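Chain by chain, the residues:
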Amino acid sequence: MDTNWMALGKCAHEDPAVFFPSDGVGVIKAQRICRSCPMMDHCLEYALTNKIDHGVWGAESERSRRRMVRKRNAAAAKAQKQAARQAEIDLAEEGESAVAH
Ligand code: SF4
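Note that the coordinates shown come from a computational prediction; the quantities given were computed from them, not determined experimentally. (Residues numbered from 1 in each chain as written. Predicted model: local features only at pLDDT ≥ 70, side-chain atom pairs only at ≥ 80, totals over all residues.)

1. Concerning the overall build of the chain
Then comes step 1: Each helix and strand counted, the chain has 3 helices and 0 strands in total.
Then comes step 2: Secondary structure of the chain in N-to-C order comes out as α-α-α.
Then comes step 3: In terms of C-alpha radius of gyration, the chain reaches 21 Å, well past the compact-globule figure of 13 Å for 101 residues.
Then comes step 4: Projected onto its principal axes, the C-alpha positions of the chain cover 70 × 30 × 20 Å.
Then comes step 5: For the chain, the proportion of its 101 residues judged to be buried stands at 12%.
Then comes step 6: Look at the contacts in the chain between residues 6 or more apart in sequence, and 42% of them connect residues 24 or more apart. (Helix = DSSP H or I, 4+ residues; strand = E, 2+ residues; numbered from the N terminus. Rg over C-alpha atoms; globule rule 2.2 N^0.38 Å. Buried ≥ 20, exposed ≤ 12 C-beta atoms within 10 Å, placed from the backbone. Contact = placed C-beta atoms within 7 Å.)

2. Comments concerning the site of the ligand
Then comes step 1: Looking at the ligand, there are 13 residues lining it, with Gly 9, Cys 11, Cys 34, Cys 37 and Cys 43 nearest.
Then comes step 2: Those elements that provide at least two residues to the shell around the ligand are helix H1 (24–34) and helix H2 (40–49).
Then comes step 3: Here the shell around the ligand is composed, by residue class, of 10 nonpolar, 2 polar and 1 charged. (Near = placed C-beta within 6 Å. Nonpolar A, V, L, I, M, F, W, Y, C, P; charged D, E, K, R; others polar.)

3. Section: unusual backbone geometry
Then comes step 1: The backbone of Lys 51 sits at a positive phi, close to 50 degrees, despite the residue not being glycine.
Then comes step 2: Relative to the elements of secondary structure, Lys 51 occurs in the loop between H2 and helix H3 (62–100).
Then comes step 3: Given 9 C-beta atoms within a 10 Å radius, Lys 51 is considered exposed.
Then comes step 4: Phi at Ala 59 is positive, roughly 70 degrees, even though this residue is not glycine.
Then comes step 5: Considering the arrangement of structural elements, one finds Ala 59 in the loop between H2 and H3.

4. Concerning the environment of His 42
Then comes step 1: Inspection of the secondary structure assignment puts His 42 in helix H2.
Then comes step 2: Each C-alpha atom, one on His 42 and one on Thr 3, is 9.1 Å from the other, the two residues being 39 residues apart in sequence.

5. Describing the nonpolar core
Then comes step 1: With 8 residues, the main nonpolar core is built from Phe 19, Val 27, Ala 30, Cys 34, Cys 43, Ala 47, Val 56 and Trp 57.
Then comes step 2: Those elements giving two or more residues to this core turn out to be H1 and H2.
Then comes step 3: Not counting the four nearest positions on each side in its chain, Val 27 is found in contact with Pro 21, Val 56 and Ser 61. (Core = buried A, V, L, I, M, F, W, Y, C linked by C-beta atoms within 7 Å.)

6. Some remarks on H1
Then comes step 1: Taken residue by residue, H1 has Val 27, Ala 30 and Cys 34 as its buried positions. Burial along H1 is one-sided: seen end-on, the buried residues are contained in an arc of 70 degrees. Exposed side of H1, more than 90 degrees from the buried face: Val 25, Ile 28 and Arg 32 are the residues found there.
Then comes step 2: Of the surrounding elements, those touching the buried residues of H1 are H2. (Arc of directions from axis to C-beta.)

7. Details of the confidence of the model for the chain
Then comes step 1: For the chain, mean pLDDT is 96; residues scoring 70 or higher make up 99% of the total.
Then comes step 2: Averaged pLDDT values over the elements of the chain bottom out at 94 in H3 and peak at 98 in H1. (pLDDT = per-residue confidence, 0-100.)

What follows is the structure in structure tokens.
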């Protein structure tokens, strides 16, 4: 995965410890920097895709990213179930059509 965007992030000029806060005030401080970062979307997607647990990435806290990952996983599971159900329906319709002819 491309990581060139990291050099363009606002955090490239900050103390890395800012993005690994130990309390809520620290999270807010990091999020303020992230929200004016041109790489925010890349950063969040990178963290979600790579299941990065620690730190503030793309202006999202650890807890918030965990919630996002759970939602994504639930949506993917739902889509997979729907696709499987549709495949069964298609197969049944094909069978009915073959019997009718
Ligand atoms: S969104 Fe935040 S953590 Fe991500 S690159 Fe920008 S400043 Fe760094």
